[in-house]
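Structural overview for review
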Amino acid sequence: MNPKNVGTIENPDGYGKVGNPVCGDLMEMYIKVKDDIITDIKFKTFGCGSAIATSSMVTEMAKGMHIDKALEITRSDVATELDGLPPQKMHCSNLAADALHEAIKNYKSKKK
Ligand code: FES
């Protein structure tokens, strides 16, 4: 319900895209970074409701975080925050954390 941070960012500092091997859905994550702090974050997904709910959660958690802290957001943190997900939906929640990590890696590789 009312997912936050849906959309894209023009000229993002980091971009990550992951596909879900289980269902074939896609997740894209865009971040803006200043002094290694995530100042803005948006996601776009063709995933299901669980994927959208977890992405909304992950983006809310990550906003304002140091990138190294955000890299520590794990799949299970996300599910815990959401009070657990049904097992058949766990793969959906993995998308968001994975896409965030990809976006941060992308940012770091550009910085070098
Ligand atoms: Fe594809 Fe959930 S069923 S992301």
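Residues numbered from 1 in each chain as written. Predicted model: local features only at pLDDT ≥ 70, side-chain atom pairs only at ≥ 80, totals over all residues. Heavy atoms only, no water.

**Section: the sheet that holds strand 1 (residues 14-19)**
This is how the line gets drawn: Two strands pair under a simple rule: DSSP has to find at least two bridges between them. Secondary structure follows DSSP: runs of H or I at least 4 residues long count as helices, runs of E at least 2 residues long count as strands, and numbering of each begins at the N terminus. Every angle, taken between N-to-C directions, lies between 0 and 180 degrees, and every axis is a line fitted to C-alpha atoms, over only the stretch in contact when it is a helix. Only heavy atoms enter the contact rule, under which two residues are in contact if any of them lie within 4.5 Å.
The strand order across the open sheet formed by three strands is 1-2-3, and the pairing between neighbours is antiparallel. Sheet topology places strand 1 and strand 3 (37-45) at the edges, where each strand pairs with a single neighbour. Neighbour-to-neighbour, the strand axes of this sheet turn through a mean angle of 15 degrees, independent of strand direction. When strand 2 (residues 26-34) meets strand 3, the two strands line up antiparallel, connected through eight bridges. Each residue of the ladder has a partner; that of Met27, found in strand 3, is Thr45. Contacting strand 2 and strand 3, helix 1 (residues 49-62) runs over the sheet at an angle of about 170 degrees to strand 3. Packing of helix 4 (residues 90-111) onto the sheet brings it into contact with strand 1, strand 2 and strand 3, and relative to strand 1 it is tilted by some 140 degrees.

**Focus on the pairing of strand 2**
In this structure, strand 1 lies alongside strand 2, joined through six bridges in antiparallel fashion. By the bridge assignment for strand 2, Gly19 is matched with Leu26. As consecutive antiparallel partners, strand 1 and strand 2 are separated by six residues, and within that stretch Gly24 has a phi angle of approximately 85 degrees, a positive value.

**So, the packing of aromatic side chains**
For clarity, the cut-off: Between rings of Phe, Tyr and Trp, where Trp is taken as its six-membered ring, a pair exists when centres lie within 6.5 Å; planes separated by under 30 degrees are stacked, by over 60 edge-to-face, and by other angles tilted.
Summed over the entire model, instances satisfying the criterion amount to one aromatic pair. On the numbers, 5.2 Å between centres and 50 degrees between planes, the contact of Tyr15 with Tyr30 is tilted. In this pair, Tyr15 is assigned in strand 1 and Tyr30 in strand 2, connecting sequence segments 15 residues apart.

**So, helix 1**
Going by this rule: One less than the number of residues in a helix, times 1.5 Å, gives the span that helix is expected to have.
In this model helix 1 runs 20 Å from its N-terminal to its C-terminal C-alpha over 14 residues, within 8% of the 20 Å that 1.5 Å per residue would give. Phi turns positive, to about 85 degrees, at Gly64, one or two residues after helix 1.

**Description of unusual backbone geometry**
Here is the rule: Only protein chains enter the accessibility calculation, which uses a 1.4 Å probe; a residue is then buried when its area is under 20% of its type maximum, exposed when over 50%, and partly exposed in between.
With a phi angle near 50 degrees, Asp35 is a residue other than glycine that sits in the positive phi range. Asp35 gets classed as exposed once you look at its relative accessible area, which sits at 66%. At Asp36, a residue that is not glycine, the phi angle is positive and equals roughly 65 degrees. Mapping Asp36 onto the fold places it in the loop between strand 2 and strand 3.

**Side note on helix 4**
Here helix 4 is 22 residues long and its end C-alpha atoms lie 33 Å apart, about the 32 Å a rise of 1.5 Å per residue gives. Among all positions of helix 4, only Cys92, Ser93, Asn94, Leu95, Ala96, Ala97, Ala99, Leu100, His101, Ala103, Ile104 and Tyr107 are buried. On its buried side, helix 4 packs onto strand 1, strand 2, strand 3, helix 1, helix 2 (67-70) and helix 3 (75-81).

**So, the nonpolar core**
For the record, the criterion: By nonpolar core is meant a set of buried Ala, Val, Leu, Ile, Met, Phe, Trp, Tyr and Cys residues that side-chain atoms within 4.5 Å join together.
Core analysis: the largest hydrophobic core is formed by 24 residues, its most contacted members being Met27, Met29, Ile31, Ile38, Ile41, Leu100 and Ile104. With nine residues, the top contributor of residues to this core is helix 4. Setting aside residues up to four positions removed in sequence, Met27 forms contacts with Gly16, Lys17, Val18, Phe43, Lys44, Thr45, Ala51, Ser55, Leu95, Ala96 and Ala99.

In short, shape yes, function no, at least from these values alone.
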